[in-house]
Protein chains: 4
Amino acid sequence: MELNSDIISKENSKSNWINRYSDVRNHSVDICKPLEIEDYVVQPIVDVSPPKWHLGHTTWFFETFILQPYCTGYKVFDPQYNFVFNSYYETVGARVIRTDRGNLSRPSVSEIFRYREYVDENMKVFLNSEFFNNDIEPILELGLNHEQQHQELLLTDIKYILGHNPLFPPYKPQGLNQNIPVNKVEMIGFPEGVYEIGSFGDSFCFDNELGRHKVFLNDFEISSSLVTNQEYLEFMADGGYEDFRHWHAEGWDWVKQTQANSPLYWHFIDGEWMHYTWSGLQKINLDEDLCHINFFEASAYAAWKGMRLPTEEEWETASDHFKWGKRWEWTNSAYLPYPGFKKEAGAVGEYNGKFMINQMVLRGASEATPEEHSRNTYRNFFPTHLQWQFTGIRLAK
Amino acid sequence: MELNSDIISKENSKSNWINRYSDVRNHSVDICKPLEIEDYVVQPIVDVSPPKWHLGHTTWFFETFILQPYCTGYKVFDPQYNFVFNSYYETVGARVIRTDRGNLSRPSVSEIFRYREYVDENMKVFLNSEFFNNDIEPILELGLNHEQQHQELLLTDIKYILGHNPLFPPYKPQGLNQNIPVNKVEMIGFPEGVYEIGSFGDSFCFDNELGRHKVFLNDFEISSSLVTNQEYLEFMADGGYEDFRHWHAEGWDWVKQTQANSPLYWHFIDGEWMHYTWSGLQKINLDEDLCHINFFEASAYAAWKGMRLPTEEEWETASDHFKWGKRWEWTNSAYLPYPGFKKEAGAVGEYNGKFMINQMVLRGASEATPEEHSRNTYRNFFPTHLQWQFTGIRLAK
Amino acid sequence: MELNSDIISKENSKSNWINRYSDVRNHSVDICKPLEIEDYVVQPIVDVSPPKWHLGHTTWFFETFILQPYCTGYKVFDPQYNFVFNSYYETVGARVIRTDRGNLSRPSVSEIFRYREYVDENMKVFLNSEFFNNDIEPILELGLNHEQQHQELLLTDIKYILGHNPLFPPYKPQGLNQNIPVNKVEMIGFPEGVYEIGSFGDSFCFDNELGRHKVFLNDFEISSSLVTNQEYLEFMADGGYEDFRHWHAEGWDWVKQTQANSPLYWHFIDGEWMHYTWSGLQKINLDEDLCHINFFEASAYAAWKGMRLPTEEEWETASDHFKWGKRWEWTNSAYLPYPGFKKEAGAVGEYNGKFMINQMVLRGASEATPEEHSRNTYRNFFPTHLQWQFTGIRLAK
Amino acid sequence: MELNSDIISKENSKSNWINRYSDVRNHSVDICKPLEIEDYVVQPIVDVSPPKWHLGHTTWFFETFILQPYCTGYKVFDPQYNFVFNSYYETVGARVIRTDRGNLSRPSVSEIFRYREYVDENMKVFLNSEFFNNDIEPILELGLNHEQQHQELLLTDIKYILGHNPLFPPYKPQGLNQNIPVNKVEMIGFPEGVYEIGSFGDSFCFDNELGRHKVFLNDFEISSSLVTNQEYLEFMADGGYEDFRHWHAEGWDWVKQTQANSPLYWHFIDGEWMHYTWSGLQKINLDEDLCHINFFEASAYAAWKGMRLPTEEEWETASDHFKWGKRWEWTNSAYLPYPGFKKEAGAVGEYNGKFMINQMVLRGASEATPEEHSRNTYRNFFPTHLQWQFTGIRLAK
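### Here's the deal with the sheet that holds strand β7 (residues 280-283) of chain B
Residue and element names in this part refer to chain B.
Turning to step 1, where the next piece is worked out: Strand order across the open sheet formed by three strands is β5-β6-β7, with antiparallel pairing between neighbours. Of all the strands in the sheet, the pair left with one neighbour each is β5 (266-269) and β7. Neighbour to neighbour, the strand axes of the sheet diverge by 40° on average, direction disregarded.

### Observations regarding the relation of the copies chain D and chain A
Turning to step 1, where the next piece is worked out: Under the fitted operation, chain D is carried onto chain A by 0.0 Å of movement along the axis and a turn of 180°, and the coordinates agree to an RMSD of 0.0 Å. A rotation of that kind, with that shift, is consistent with a two-fold axis.
Turning to step 2, where the next piece is worked out: The overlap is high: 100% of the interface residues of chain D also sit at the interface in chain A, so the same surface is used on both sides.

### Description of helix α7 (residues 249-258) of chain C
Residues and elements named next belong to chain C.
Turning to step 1, where the next piece is worked out: Regarding α7, the residues found buried are Ala249, Gly251, Trp252, Trp254 and Val255.
Turning to step 2, where the next piece is worked out: Check the buried side of α7 and you find it contacts α8 (295-304).
Turning to step 3, where the next piece is worked out: Of the residues flanking the end of α7, it is Gln259, one or two places downstream, whose phi is positive at about 50°.

### Some words on the sheet that holds strand β11 (residues 391-392) of chain D
Residue and element names in this part refer to chain D.
Turning to step 1, where the next piece is worked out: Judged by pairing direction, the sheet is mixed, and its four strands sit side by side in the order β10-β9-β8-β11 without closing on themselves. Each edge of the open sheet carries a strand with a single partner, namely β10 (380-382) and β11.
Turning to step 2, where the next piece is worked out: Strand direction decides the pairing type here: strand β8 (residues 328-334) and β11, joined by two bridges, are parallel. Following the sheet pairing, Glu329 is matched in β11 by Gly392.

### Digging into the pairing of strand β9 (residues 360-364) of chain A
All names here are of chain A.
Turning to step 1, where the next piece is worked out: A large share of β9 lies buried, amounting to five of its five residues.
Turning to step 2, where the next piece is worked out: With burial as the criterion, each face of β9 is covered, one bearing Met360, Leu362 and Gly364 and the other bearing Val361 and Arg363.
Turning to step 3, where the next piece is worked out: Where strand β8 (residues 328-334) lies against β9, four bridges are found, and the strand directions are antiparallel. Pairing of Trp330 across the sheet is with Leu362, part of β9.
Turning to step 4, where the next piece is worked out: Where β9 and strand β10 (residues 380-382) come together, three bridges link them in antiparallel fashion. For Leu362, the partnering residue across the bridge sits in β10 and is Asn380.

Scoring rules and cut-offs
Residues numbered from 1 in each chain as written. Chains lettered and ligands numbered in written order. Predicted model: local features only at pLDDT ≥ 70, side-chain atom pairs only at ≥ 80, totals over all residues. Heavy atoms only, no water. Pairing = 2+ DSSP bridges. Helix = DSSP H or I, 4+ residues; strand = E, 2+ residues; numbered from the N terminus. Axes fitted to C-alpha atoms, helices over the stretch in contact; angles between N-to-C directions. Least-squares fit on C-alpha atoms with pLDDT ≥ 70 in both. Contact = heavy atoms within 4.5 Å. Buried < 20%, exposed > 50% of the residue type's maximum accessible area, 1.4 Å probe, protein only.

Rendered as structure tokens:
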């Protein structure tokens, strides 16, 4: 976590931080505006967290890692919240079993908003105070990026909650699904050779992006565009979900166990494919980029097409040559440490390293990613069976 | 479901029914008054239903079984509610899998209250109309008793929801836990002979109570009082939960799998037994009647004491000789049909008969039972492992 | 466990016991003669035990409850066998988790036969010695009856093991499936009144049959014959497995979860119902008594027929008026203690009492029951979902 | 699968193939010689297959992929064996659910040996005939390597079966556990640069090794020796299994769920660590290379030591500089396709490619690997939680 050590005056810096803090924090609240109180509470599957938990957890981060250690005299809002809103930081204390989050009606939503206000007020005073210095900037930066990650999860989880309600309530038409128009669909070629990937420079990145390093890549080609709904429907029509030859053994088990036959949120109603969108149940838009498929589906589609998914090294190398940012793009790279990766000491060290097994890397960003929270070195990662992210497919060969 | 065919004037009858309908319906709303909206939504275990579901389901009963078939021109509030609020009536259509109830944030609580108001208004108009006649009274009576059963479940489930929240929020001190003072603890004896049990007379009862019939009972004795917390603590102190000899094989498996070592809601904190009550976490009151034990625990306690649980025939025979009504009392009788039991035709026939296997009979009533909803022929029933009812122990030998 | 205290000379008695002991022990070995060694080892489901375990366990009973306590100087065959062959006697020591039995390739079959021979030789010397006296006769009698129970389970489990092998190997045509011809199918009526049931006299019975007692029965009728395959096929053809109205709620869950659509061992092959028999896969014999249905199926069949299953009190009362013994007949009685039931002290006290919950009583006997091991007071019992016993249906109303 | 297209005379080649075929086939039989028949049958966990299944499955491979397609007039031994002995080749037909293998007592062991003899006789005639030509050599080579892989699994599974029997029967002292003496324990350094890995030349390899390709490696050091029992005991003594900081999140879940506190086969008895070996239960040999740890444990040990596991590229690059072959060595590389990897058409295409997800690469070989079945390009792979392979740890930094 290297930070911008800018030379602008200290006062300017303080007010910049305060503004940035306010912007990020307000955005989380904005995302939840269309919700009913009841929508904040439920947890339909273990991978989804209740929106009120996201609001509390991101607040707990600032309280635990900034106000408690650095703000002298700070009084914790409620000592029991550490138990309720800690997510996975084993260092900081016992955590609530994740499956239980959807059972907790208290603290109530209004109480959690009070918690946010209390922490925000204290944070603003703190950021304006002499206690706030350069040493604290990295953890503050991390807290803001952490909240932005949860903003994306908030949208992901809200879609899951509303999209699995038999009444299919709309969220809010926001033009979130707009595609990036692609002028020309083509395969872009790269010659073999040694390339460099990984974060460099001074701007913020997560620890898993650090360590710019050389990689040797063979000749490869990568598509300028993502797979569309139309193209995926062809795979479905060709029996893609019924032919084991396209699938990994584990993917085929997933197909059979879940009886999967389409992306998440798709429903075949009266002879037509519909899907749940931010505006409720809608006809499939054929030209739109495919969304909500898991790694197994992405990989099976590529195999059916006689192609493959790119590696994350190929993706990063090529990323300046195509438009990206509306779908998280599955790569065929396992989520593993870069050469020289080191875990930070303490609780923040648990941020990324401990998940570096049995997950695949996603590159790019999605319609749910907050602005200014994407870069071409960003390494997102998810288990291979999950569909609920805003995921898409870019082919390579 | 035999009904009072009273001779009072038709108009009087109508207004009686309307008053009774209003009283019962309002009581459900009153029970929920202390809740936050979030408390209406969650379902911590499959046996518990979210309070908002109870409110919708009981309303759905009147809509489905009275307004739709008998009220000409009635317009259903929302056709999708049949799917959401049907509980187990296979006859009436597809039902939501029970485990999913806690995932449904919509319809919202306020929407469900609107549903209640809509149905209540239509019901009152209907009850005042010429369409309402004697033939409809049995199903109306059933609907009211059905709602009263759910009022008890509402309290049971609310206690579970709040009592499993790490913040232990109080519900509302209501003197609900008051004991019936027992003058003298003694064993009351009955000679062997032929006795009669089962419902008789004209007042309402469920179909499972019908068929007054003779039973032969051996000599038996039954206690005038329930087992107290103090007495149960002696069982615990004597290693009751560690000695398999007191337990059924299936009960012992339950102890080991759940690592049970106390009644539900009990917590050993700082060297002292506490339990969650309507007023929050409290010290155990030693003189209070024990509550929240399952059949296995009740049976193990009796075995440890060298006694046994009464049969339901013994309980009913003896019930005029002791005070009862604060705890559902486990009997050693399996829930099976009385001689000559017949299921009603149609959906209401599913009310009781289909559950007559692998459950045990509870007799009496509890602090959560609505007034005027208890009688000594009432046959309550639950599976043997559930603790979340307001259950107690009366010994026999 | 009351025993024949006959007056015949002591020597006669000794040689009678030795002969009886030999006969019973040899019969277990005879049952296994058609098996390959591999058949002794496997455990396809948790309810089935490997045949070699039955052979070891019944031997362990005599070693543990007779030779060890009463035969001075007896040397245990292998101290680890207590761990391997104890079934459920918590009193006697730790037991192998039941699901693990099918994983134990050792002790080998030949080793277990050596164990049997060793214990049998020691038992015969003991039965001939002065150490054997009247006090020991009850436990010896229990051991022999225990072995006979396991002979029935041996046949039941062997059928399951071979009948679930895709090669459907025959066991041995033994005329085991012969029906008792029924002259006339009719309903036999009994008037209401007080009857007596339960064991009486001096001959052996299990503790759960003890306590002859009065019961009051209403008028009832019971069939002189069992339901045939032909009759059950009518139920199936009428959609019996597709109509929830015939089923208990728990039974209907079982149908849906297991996708049950026929008795166990039935296979629909090339347009015809076949079933696995002792002679391999055979066409269904329409006139044969139905076999291998669980309680839910028995109960659903009765409901479809507009009748019901008899209670165990009715069955015992009527049992002299019809032929029985080829199928265990499901009753609608839960397996609960008779009035005055007392568990014996020590390990044998675990024999029956601790199972008296959530099981239903079966009356009669089956083609797998050893000769001289059936009587009309015998209370067999099984959980409601198990089909693998030789079970049938007798209707009542 | 490129094969040696040597120029030696055709006849020589034929007899070489026949000898090689016989040697490989006989070795499988030799491995099973110390077994009792019962040991061939059981399947204690889903990852283990019964030895008799291995013997049948490897035979089925030759029957299905050589004799049936290429040997005119060949008569299948038993048409049902395809169903029983197919492992995972979806192309070839329905397969028995893997968990069911341990339930199949038939075909018997002697029948399976008859099957082996029948196929072996036919194979020898075939290999000597004009039908056998160069085109068939690759699939024959694959069949032999396939059998060698199963020889390793046979030993692995036999150890699991005997090592999980409470009697701990020895297999056969065979000097299998002998260590390779390491003269000097040191870290061997390699400079950064482009290296080449992957199979080259004409000798046999699996499809997953094909495609020799360049990789860029940073500076690294790798140990000349494996971690010993002594060293691992230090990790255990230092609380390695109790400190989440050493573990991946998923590894820590594994520790808590399984309550793991040692390698597989280790037992703490009377104050001392013992482990099950080919000679039965023995004291831990401190100088011996650690064995039977899963990826999570290997990775946690490395983290505790402040080091890491090597990547497979590093391992292969360095492999000429240290001794290897007694333990499969966990790498920190996910099992993914090499650049340009292509699945073969048909059933043999399912050999490796479909497993390329959520598994980690192991390099080297083990004491259970058949002679002439190891090479430094070999890519073994297993899921991260499995301990039952002969796995060890080599550190890198």
